Amino acid sequence: MADTPQDKILCVDDEQNILDMFKRTLGRQFALFTASSAADALRILQHERDIAVIMSDYSMPGANGLEFLQRAGEISPDSVQIVLTGNIELDVAIKAINEAHIFRYLPKPCPMEVTKKIIADALAHYRLVVAKRQLSEQLEQKNLELLQRNAELAEKQALLEHELETAKIVCSKFGKYGYQVPDGLDFFISAKEAVGGDFILNAVSRDGQAFYLMMGDLTGHGLQSALGGLLV
């Protein structure tokens, strides 16, 4: 993925000539921010979002590079961190990697070609970190939506089952009292164990000359449909 002007890089060093060199070599390729102290850098992080790479000198007055990067990680956890230092002691490198989660540890001075290569690697790593976090957030949101949808469906199912059971009782009562059996026709009325989508109601006119059938749909309507059938 090609670098874009939107890639934000923060360079922190108490030597102004180092910051000027970064501005000359990196300023046109990236959105470059510079700070001469840890305090200034932290203020930038408070106001600038989506800093992709933080490159800091190890030896600075007030707070060394590792102390600064630990605090920077709390403000901008996705930012990829690089330490530049003239101190090449092994214990410093181990501390940088283990305690501050440093992506790379570079000697100072470092050839600009090497620095640019490390920055490119850091940007690729940053994009992976951001993509993983966004995917995790999307998955969490989808899971929440699914839980909410399942709860809504469960509530609707419980309501439908209650209404269908009530409708079954109503329909079983309708025709048990006062109906007439027409001559020459054998039939019976019985409530089903489970109510499906349709039901049939019957009636005979008082003079015994007419036999009526009424069909209805209970699915999704339940008791309201059964009572509506009684009214008709």
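Residues numbered from 1 in each chain as written. Predicted model: local features only at pLDDT ≥ 70, side-chain atom pairs only at ≥ 80, totals over all residues. Heavy atoms only, no water.

For the rest of this paragraph, the subject is helix H2 (residues 38–47). All buried positions along H2 are accounted for by Ala-38, Ala-41, Leu-42, Ile-44 and Leu-45. Seen end-on, H2 carries its buried residues on one side only, within an arc spanning 155 degrees. H2 presents Gln-46 and His-47 as exposed residues on the side facing more than 90 degrees away from its buried surface. Along its buried surface, H2 packs onto strand S1 (8–12), strand S2 (31–35), strand S3 (51–57) and helix H3 (65–75). (Buried < 20%, exposed > 50% of the residue type's maximum accessible area, 1.4 Å probe, protein only. Helix = DSSP H or I, 4+ residues; strand = E, 2+ residues; numbered from the N terminus. Arc of directions from axis to C-beta. Contact = heavy atoms within 4.5 Å.)

The next point concerns the packing of H2 against H3. For the pair H2 and H3, interaxial distance at closest approach is 10 Å and the crossing angle is 10 degrees. The angle between H2 and H3 places the two elements in the roughly parallel class. In this structure, H2 contributes Ala-38, Ala-41, Leu-42, Leu-45 and Gln-46 to the contact, and H3 contributes Phe-68, Arg-71, Ala-72 and Ile-75. A class-by-class count of the residues in the contact of H2 with H3 yields seven nonpolar, one polar and one charged. (Axes fitted to C-alpha atoms, helices over the stretch in contact; angles between N-to-C directions. Parallel < 35°, antiparallel > 145°, perpendicular 65-115°, else oblique. Nonpolar A, V, L, I, M, F, W, Y, C, P; charged D, E, K, R; others polar.)

Our next topic: the pattern of salt bridges. Counted by the stated rule, this structure contains 10 salt bridges. Linking Lys-108 and Asp-13 is a salt bridge whose minimum nitrogen-to-oxygen distance equals 2.8 Å. Here Asp-13 lies in the loop between S1 and helix H1 (16–26) and Lys-108 lies in the loop between strand S5 (104–107) and helix H5 (112–173), a separation of 95 residues in the sequence. For Lys-108, a relative accessible area of 21% translates into the label partly exposed. The shortest N-O distance in the salt bridge between Lys-108 and Glu-15 comes to 3.5 Å. Of this pair, Lys-108 sits in the loop between S5 and H5 while Glu-15 sits in the loop between S1 and H1; the two residues are 93 residues apart in sequence, bridging distant segments of the chain. Judged by relative accessible area, which is 36%, Glu-15 ranks as partly exposed. Salt bridges sharing common partners tie together Asp-13, Glu-15, Asp-57 and Lys-108. (Salt bridge = Lys/Arg side-chain N within 4 Å of Asp/Glu carboxyl O.)

Next up on the list: the sheet that holds S1. Taken in spatial order, the five strands line up as S2-S1-S3-S4-S5 in an open sheet, and their pairing is parallel. Edge positions in the open sheet fall to S2 and S5, since each of these has one partner strand only. On average, adjacent strands in this sheet sit at an angle of 20 degrees to one another, irrespective of strand direction. One ladder, built from four bridges, connects strand S4 (residues 80–85) with S5; its direction is parallel. Note that in S5 the partner of Leu-84 across the bridge is Leu-106. Relative to the sheet, H2 contacts S1, S2 and S3, its axis offset from that of S2 by approximately 145 degrees. (Pairing = 2+ DSSP bridges.)

This part is about the environment of Thr-25. Along the polypeptide, Thr-25 turns up in helix H1. With relative accessibility at 26%, the residue Thr-25 sits in the partly exposed group. Expressed as a C-alpha distance, the spacing of Thr-25 and Lys-116, which sit 91 residues apart in the sequence, is 9.1 Å. Looking at Thr-25, its side chain comes within polar contact range of the main-chain oxygen of Met-21, at 2.8 Å. (Polar contact = N/O pair within 3.5 Å; in protein donor to acceptor, adjacent residues only side chain to side chain.)

A few words on the layout of surface pockets. The volume enclosed by the second largest pocket comes to roughly 230 Å³. A class-by-class count of the residues in the lining of the second largest pocket yields five nonpolar, three polar and five charged. (1 Å grid on protein atoms, 1.4 Å probe; cavity = no way out; pocket = protein on both sides within 12 Å on 5 of 7 lines; lining within 4 Å. Points joined across faces, edges and corners; volume = space filled by probe spheres on them.)

What tends to happen in soluble globular proteins is that the nonpolar side chains get buried as a cluster. By size, the foremost hydrophobic cluster in this structure holds 22 residues, and its most contacted members are Cys-11, Phe-22, Leu-26, Val-53, Met-55, Ile-82 and Ile-119. Secondary structure elements with two or more residues in this core: S1, H1, S3, S4 and H5. It is H5 that provides the largest number of residues to this core, a total of seven residues. Setting aside chain neighbours within four positions, we find Phe-22 in contact with Cys-11, Gly-27, Leu-32, Met-55, Leu-84 and Met-112. Judged by nonpolar contacts, the second largest core, of 19 residues, contains Leu-42, Ile-44, Leu-66 and Leu-69. (Core = buried A, V, L, I, M, F, W, Y, C linked by side-chain atoms within 4.5 Å.)

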